[in-house]
Amino acid sequence: MIPRPRTVCDIRTLPTKDALRAWAREHGARVRWMGATLDGGEVWGATRGVVTRVCVTAPDGRPHPAVWRSPLEP
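This text gives an overview of the structure that appears in the document. Each chain has its residues counted from 1, following the order in which its sequence is written. Per-residue local features are limited, in this predicted model, to residues with pLDDT of at least 70; the limit for side-chain atom pairs, both in listing and counting, is 80 or more; totals at the level of whole chains, interfaces and linings are taken over all residues. Side-chain metrics rest on all non-hydrogen atoms present in the structure, leaving aside hydrogens and water.

## A few points about the pairing of strand S2 (residues 31-36)
Basically, it comes down to this: Pairing between two strands is assigned when DSSP locates at least 2 bridges connecting them. Secondary structure elements follow DSSP: runs of H or I no shorter than four residues count as helices, runs of E no shorter than two count as strands, and numbering proceeds from the N terminus.
One ladder, built from five bridges, connects S2 with strand S3 (residues 42-48); its direction is antiparallel. Opposite Ala-36, over in S3, you have Glu-42 as the bridge partner. In textbook terms, the turn of a hairpin is the stretch between consecutive antiparallel strands, and for S2 and S3 this stretch comprises five residues, one of which, Gly-40, has a positive phi near 105°.

## Some remarks on the nonpolar core
The following threshold applies: For this analysis, a nonpolar core means a set of buried residues of the types Ala, Val, Leu, Ile, Met, Phe, Trp, Tyr and Cys, connected via side-chain atoms within 4.5 Å. Each residue is placed in one exposure class: buried if its accessible area under a 1.4 Å probe, protein chains only, is under 20% of its type's maximum, exposed if it is over 50%, and partly exposed if it falls in between. Any two residues having at least one pair of non-hydrogen atoms within 4.5 Å are treated as being in contact.
Leu-14, Leu-20, Trp-23, Ala-24, Ala-29, Trp-44, Ala-46 and Cys-55 form the largest nonpolar core, which has eight residues in total. Among the secondary structure elements, those contributing two or more residues to this core are helix H1 (17-27) and S3. The dominant element in this core, judged by the number of residues it contributes, is H1, at three residues. Beyond its immediate stretch of four places on either side in the chain, Ala-29 contacts Trp-23, Ala-24, Ala-46, Thr-47 and Arg-48.

## Observations concerning the pattern of salt bridges
Basically, it comes down to this: Salt bridge, as used here, is a side-chain nitrogen of Lys or Arg placed within 4 Å of a carboxyl oxygen of Asp or Glu.
Summed over all chains, the structure comprises three salt bridges. Close ionic contact of Arg-12 with Asp-10 constitutes a salt bridge, the shortest N to O distance being 3.0 Å. One network of salt bridges, with partners in common, ties together Asp-10, Arg-12 and Arg-53.

Without other data, these values stay purely geometric and don't point to any function.
Structure representation (structure tokens):
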């Protein structure tokens, strides 16, 4: 018997925060701030099981700390 391939992590980018909110609402997930980019944009994401959808907003001029947190570790 051949083992079935298993998805471990599925991360994809959506074009806008509204698209992310719609995806989260459809899948019963919560949108949360995941961090900032080095140029000042914000990364927002929603996770349901092994599926994560993210969007990156344009820089807003506010400084954000350059801290990386793994989405795979609690």
